[in-house]
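# Summary of structural features
Chain by chain, the residues:
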Amino acid sequence: MKNFSMLFPGRVYFGNGCLEKLKDAPIRGRRGLIITGKHSSKKSGLLDRVKKILKNTGREIFVFDDVEPEVSVETVDKAAELARRYRADFFAGLGGGSAIDCAKAVSGIYRDRLSVKDYFDSNIPVRRDTGFLIAIPTTAGTGSESTRNAVLTYTEKQKKTSLRGDSMVPSIAVMDPELTYSMPKKITAYTGMDALTHAVESYFSSNANEITEILSFKAITLILGSMSAAYKKPSEKTARYNMMLGSFTAGLAFANAGLGAVHGIGHPAGAVLKLPHGLVNAVLLPHVLEFNLSAIGARLIQFKKATGIDMIKKIRALNKSMGIPGKLSGACKGAAKKIEEIIERVEYSASMSYNPVIMDAVKVRQILKGAL
Ligand SMILES: [Fe+2]
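The numbering scheme is per chain: residues are counted from 1 as the chain's sequence reads. Residue-level local features of this predicted model are given only where pLDDT is at least 70; pairs of side-chain atoms are given and counted only at 80 or more, and the full residue set underlies all totals for whole chains, interfaces and linings. Excluding hydrogens and water, the side-chain figures rest on all heavy atoms present in the structure.

As a further point, take the overall build of the chain. Within the chain one finds 14 helices and eight strands. Over its C-alpha trace the chain gives a radius of gyration of 20 Å, about what one expects of a compact globule, namely 21 Å for 372 residues. Overall size of the chain, expressed as C-alpha extent along the three principal axes, is 55 × 45 × 45 Å. When a residue's accessible area, from a 1.4 Å probe over protein chains only, is under 20% of the maximum for its type it is buried; when over 50% it is exposed; and in between it is partly exposed. When each of the 372 residues of the chain is scored for burial, the buried share is 57%. For the chain, the share of sequence-separated contacts (at least 6 apart) that also reach a separation of at least 24 residues comes to 79%. The method behind every accessible area is Shrake-Rupley, applied with a 1.4 Å probe, and residues are considered shielded solely by the protein chains displayed. Of the roughly 15900 Å² of accessible surface on the chain, a fraction of 52% belongs to carbon and sulfur atoms. Charged side chains in the chain number 53 positive and 34 negative. The centres of these two groups are separated by 5 Å. A run of H or I in DSSP counts as a helix once it spans at least four residues, and a run of E counts as a strand once it spans at least two, with each numbered from the N terminus. Two things to know: the radius of gyration comes from C-alpha atoms, and the globule rule equals 2.2 Å times the number of residues to the power 0.38. We call two residues in contact when some of their heavy atoms are within 4.5 Å. Charge counting treats Lys and Arg as positive and Asp and Glu as negative, with His and both chain ends excluded. Taken as the charge location is NZ of Lys, CZ of Arg, CG of Asp or CD of Glu.

A few words now on a nonpolar patch on the surface. Candidates for patches are residues over 30% relative accessible area with no salt bridge; among them, like charges are joined within 9 Å and nonpolar side chains (Val, Leu, Ile, Met, Phe, Trp, Tyr) within 5 Å. A pair is scored as a salt bridge if a Lys or Arg side-chain nitrogen falls within 4 Å of a carboxyl oxygen belonging to Asp or Glu. A cluster of nonpolar side chains, namely Phe-4, Phe-8 and Ile-211, defines an oily patch on the protein surface of about 260 Å² accessible area. Tracing the chain through its elements places Phe-4 in the segment before β1 (11-14). On the accessibility criterion, Phe-4 (37% relative accessible area) is partly exposed.

The subject of this paragraph is the domain arrangement of the chain. Domains assigned within the chain are domain 1 (11-178) and domain 2 (184-371). Residue ranges assigned to the domains are those given by an automatic or database domain assignment. Placing a centre on the C-alpha atoms of domain 1 and another on those of domain 2 gives a separation of 25 Å. Tallying the contact residues gives 23 residues for domain 1 and 25 residues for domain 2. Summing both sides of the interface, domain 1 and domain 2 together bury roughly 1900 Å²; the carbon and sulfur share of this comes to 63%. The quantity reported as buried area is the accessible area (1.4 Å probe) lost by two parts once they are put together, taken as the sum for both. Ranking the residues of domain 1 by area buried against domain 2 places Phe-14, Ala-140 and Gln-158 at the top, with a combined share of 27%. Between Glu-347 and Lys-159 there is a salt bridge whose closest N-O contact spans 2.9 Å. We define a polar contact as two N or O atoms separated by no more than 3.5 Å, with the added condition that, inside protein, one atom must be a possible hydrogen donor and the other a possible acceptor, whereas residues neighbouring each other in sequence contribute only through side-chain atom pairs. Counting across the interface, domain 1 meets domain 2 through four residue pairs in polar contact (both at pLDDT 80 or more). For the side of domain 1 that touches domain 2, the secondary structure elements donating two or more residues are β1 and β7 (159-164).

The alternating pattern of strand β8 (residues 172-175) places Ile-172 and Val-174 on one face and Ala-173 and Met-175 on the opposite face, and all of these are buried. Note that strand β5 (residues 132-137) and β8 share two bridges and pair parallel. The residue bridging Ala-135 from the neighbouring strand is Ala-173, located in β8. Between any two strands, pairing holds if DSSP finds at least two bridges.

With that settled, consider the packing of aromatic side chains. Paired rings are identified among Phe, Tyr and Trp, the last through its six-membered ring, by centres lying within 6.5 Å, and are further divided according to the angle between planes into stacked (under 30 degrees), edge-to-face (over 60) and tilted (the rest). Tallied over the full model, the rule gives nine aromatic pairs. Ring centres of Phe-14 and Tyr-241 lie 5.3 Å apart, and the angle between their planes is 85°; on these two criteria the pair is classed as edge-to-face. Pair noted here: Phe-14 is in strand β1 and Tyr-241 is in helix α8 (residues 237-257), with a separation of 227 residues, a long-range link. Using a relative accessible area of 31% as the deciding quantity, one classes Tyr-241 as partly exposed. Among the aromatic residues, those joined into a ring-pair cluster are Tyr-203, Phe-204, Phe-217 and Phe-303. Just above the ring of Tyr-231 sits the side chain of Lys-185; from NZ or CZ to the centre is 4.8 Å. Sitting over the face of the ring of Tyr-203, Arg-299 holds its NZ or CZ atom 4.2 Å from the ring centroid. As a reminder, the over-ring test applies to NZ of lysine and CZ of arginine, requiring each to be within 6 Å of the ring centre and within 35 degrees of the ring normal.

The next point concerns unusual backbone geometry. Its identity is not glycine, yet Arg-113 carries a phi of approximately 55°, on the positive side. Mapped onto the fold, Arg-113 is located in the loop between α4 (97-109) and α5 (116-121). With a phi close to 55°, Asn-123 is a non-glycine residue in the positive phi region. When you line up the elements, Asn-123 lands in the loop between α5 and β5.

Right, let's get into the coordination of the iron ion. Tetrahedral coordination by four donors puts the ideal angle at the metal at 109.5 degrees, and octahedral coordination by six puts it at 90 or 180 degrees. Only Asp-194 (OD), His-198 (NE2), His-263 (NE2) and His-277 (NE2) from the protein reach the iron ion as donors, at distances of 2.1 to 2.2 Å. Donors, by definition, are the N, O and S atoms found within 2.8 Å of a metal, the threshold being 3.2 Å for Na, K and Ca, and water is not counted, so a site can look incomplete. A site with four donors is called tetrahedral when every donor-metal-donor angle falls between 85 and 135 degrees; four donors are called square planar, and six octahedral, when opposite donors sit more than 155 degrees apart and all other angles fall between 65 and 115; any other arrangement is irregular. Metal-centred angles of 85 to 169° between the four donor atoms at the iron ion mark the site as irregular. In the primary sequence, the donor residues of the iron ion line up as D-x3-H-x64-H-x13-H. One end of the pair, Asp-194, is in helix α6 (residues 185-204); the other, His-277, is in helix α10 (residues 277-291), with 83 residues separating them in the sequence. The residues Asp-194 and His-277 share a single accessibility class, namely buried.

Structure below.
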């Protein structure tokens, strides 16, 4: 018996075409700022579509369209400045994890007239009365629509860091699988494997509870069953639907159960090697699972009995079929030489603290020696 508390997004619209539901959504606010990336939502016409839907509700809508991949603290500050100038009172993150995380961070800080760096440097908590927040993901992977944190790149310190606050969980999440049809193959692979990592790490997390375990299990089976089809045939509707459902359930699970050593090592490794988050996680995942065998071996056997799937073998085969290398040096030449720098930057709080095997620098080195 275990006591636990959980956080979920306020209202979720899920399913093909559900973007249109935004017109009837209970949005609190009159002046909205859509926060999105530089290219894809403009190119696909999605930005105009969202703008139109929101404008038709009688609200004033503004746009910040300068979010880069692995969004930086400088970009959050720029967007927050714009939010103050426009007197925005609600925010819509439209795009991949970076756009949604940027919107979450802006909603958390824009009323304070501080740089987001001040929150990290001086340990300032995010206020409770954040701006009303809508998440509209166009990838199936980050789970950002469910979590209370925004992952940002702290450029000067060359590290990824998280701004956290319960009030940063989106009030509305719009999960429309049709928005993922135009995702390039590489992004499908990286974001899908990130979602799988969320599902697997939350499943084995030492902080998991009865509900997150159900969500994680469902997410693992959905993603393992549909990843290949979504990668090979981008417009395959069932695969895209299942990937979005898998990503969403994984997000709900890890937002409440936490993650493990893949993310604990993956964040600094990605920052040092300048590799995408999903790619780093995909490479590290089988290495970390093998390292954790002493703690998770029995459950891996149970999983195989229930599903017929050898989880580690299946993950390796999926990576290979999508051109993801077995080691990080396959994606970044000279990665092995950076081992000390990565180890130095690993933090043992947050993600790492829920790994089923308690971690220290010796164990991180052992994993990295196999994975670099
Ligand atoms: Fe992740």
